[in-house]
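Below, each chain spelled out in residue letters.
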Amino acid sequence: MIAKIIMIFYYLLCLFFVAITFKNLLEERTSKDRIVLYLITLVPFVARLLRFK
């Protein structure tokens, strides 16, 4: 029971980081380097949400 609660909290935390990073990605207009960094940062979080290992 507690493992499921922790797993749900973990996925919600990953979703929060994806949302914040994606919001910053959409707001970035000037630096192409920062856009690439945001995309690289998103990859592991999206992979976790899709349950890739």
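Structure's up top.
Rules and cut-offs
- Residue indices follow the written sequence of each chain, beginning from 1 at its first position.
- Local features in a predicted model are, by the rule used here, given only for residues with pLDDT of at least 70; side-chain atom pairs are given and counted only at 80 or more, and totals for whole chains, interfaces and linings are based on all residues.
- Side-chain numbers come from the whole structure's heavy atoms, not from hydrogens or water.
- The nonpolar core is taken to be a set of buried Ala, Val, Leu, Ile, Met, Phe, Trp, Tyr and Cys residues, with the residues joined through side-chain atoms within 4.5 Å.
- Exposure is judged per residue with a 1.4 Å probe applied to protein chains only, and the accessible area is read against the type maximum: over 50% gives exposed, under 20% gives buried, and values in between give partly exposed.
- Working definition: helices are DSSP H or I runs of at least four residues, strands are E runs of at least two. Numbering for both runs from the N terminus.
- The contact rule is simple, with two residues in contact once any of their heavy atoms fall within 4.5 Å.
- Side-chain atoms alone can form a polar contact between residues adjacent in sequence; in general such a contact is a pair of N or O atoms within 3.5 Å, and within protein one must be able to donate a hydrogen while the other accepts it.

Novice: Please clarify how the nonpolar core should be interpreted in this entry.
Specialist: Looking at soluble globular proteins, one finds that nonpolar side chains tend to be buried together. By size, the foremost hydrophobic cluster in this structure holds six residues: Cys14, Val18, Leu25, Tyr38, Leu42 and Phe45. Listing elements by their share of this core, those giving two or more residues are helix H1 (2-27) and helix H2 (32-49). The contacts of Leu42, once residues within four sequence positions are left out, are Val18, Thr21, Phe22 and Leu25.

Novice: Sorry if this is basic, but what is going on with the side chain of Glu28 here?
Specialist: Tracing the backbone shows Glu28 in the loop between H1 and H2. A distance of 3.2 Å separates the side chain of Glu28 from the backbone nitrogen of Ser31, its partner in a polar contact.

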